[in-house]
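# Descriptive analysis of the structure
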Amino acid sequence: PRPESGPVATEEQPPQGNNPMLWGALAMGVAAYNANDFQGAIVHFTNALKFDPANLQAKQYLANSDLRAYFAGAKLPELLAGALQQYQDILARDPQNLAATEGMAVVGLDAGQFAEARRWALRFVELHEKDTAAYFLATLADFSVAFSPIQQARTKTGLRTMWTGHGTQDPSRIENIQIPNAEIRKSLRDQVLT
């Protein structure tokens, strides 16, 4: 997934509202975000939401900062949970919000909630059919949903996996592309082709 998903905060994007405290907190958050200080950005965008708890721009920037901090190495579950909460809040008020829809797919993928990620990725495709990132996320979600069950079915039927590690294939290990047991194939189709 693209950790930089969603619009990058820039100084050219004026904050919504006319509260100077909100503007100041957003401006400091934008500066921290653009300097790759995602923890600092989180603090400033959280403060901005104290001045205007309903501000969608602050919620979007906070969610993006949470994701960037998560992917930058922190990998703290509360960062994903924070991004998830902000995206849900945005979508409750703006169900067509592209960045929040994409964000929901990214969070779902990284949290291992592949079916949920797939649902959001398909929604992203529906909302923005010309964006290649939408199709990438949908494909990644499909792969994530199907990979483990396919490998388990191959193992159950005695076929070795062609994957020797994450993303590494060994074509010499492919004995058969098709799982030989028809009952297992049907069960697999029922499980992953929903």
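In this report, the structure presented in the accompanying data block is examined. (Residues numbered from 1 in each chain as written. Predicted model: local features only at pLDDT ≥ 70, side-chain atom pairs only at ≥ 80, totals over all residues. Heavy atoms only, no water.)

### Thoughts on the pattern of salt bridges
- Going through the model one piece at a time under the given rule, you end up with five salt bridges.
- Where E116 meets R119, a salt bridge forms, and the shortest distance between an N and an O atom there is 2.9 Å. Residue E116 and its partner R119 are both found in helix α6 (residues 114-127); the two are separated by three residues, about one turn of the helix.
- On the accessibility criterion, E116 (32% relative accessible area) is partly exposed. (Salt bridge = Lys/Arg side-chain N within 4 Å of Asp/Glu carboxyl O. Helix = DSSP H or I, 4+ residues; strand = E, 2+ residues; numbered from the N terminus. Buried < 20%, exposed > 50% of the residue type's maximum accessible area, 1.4 Å probe, protein only.)

### Points about unusual backbone geometry
- Even without glycine at this site, N36 takes up a positive phi of about 60°.
- If you trace the backbone, N36 turns up in the loop between α1 (20-34) and α2 (38-51).

### Details of the nonpolar core
- In this structure, L26, F45, L67, Y87 and L137 are the most contacted members of the largest nonpolar core, which totals 42 residues.
- At the level of elements, α1, α2, α3 (56-74), α4 (77-93), α5 (98-110), α6 and α7 (132-156) are the ones that each hand at least two residues to this core.
- Broken down by element, this core gets its largest block of residues, eight residues, from α3.
- The next biggest cluster of nonpolar side chains, apart from the first, holds six residues, and it includes A153, I179, L188 and V192. (Core = buried A, V, L, I, M, F, W, Y, C linked by side-chain atoms within 4.5 Å.)

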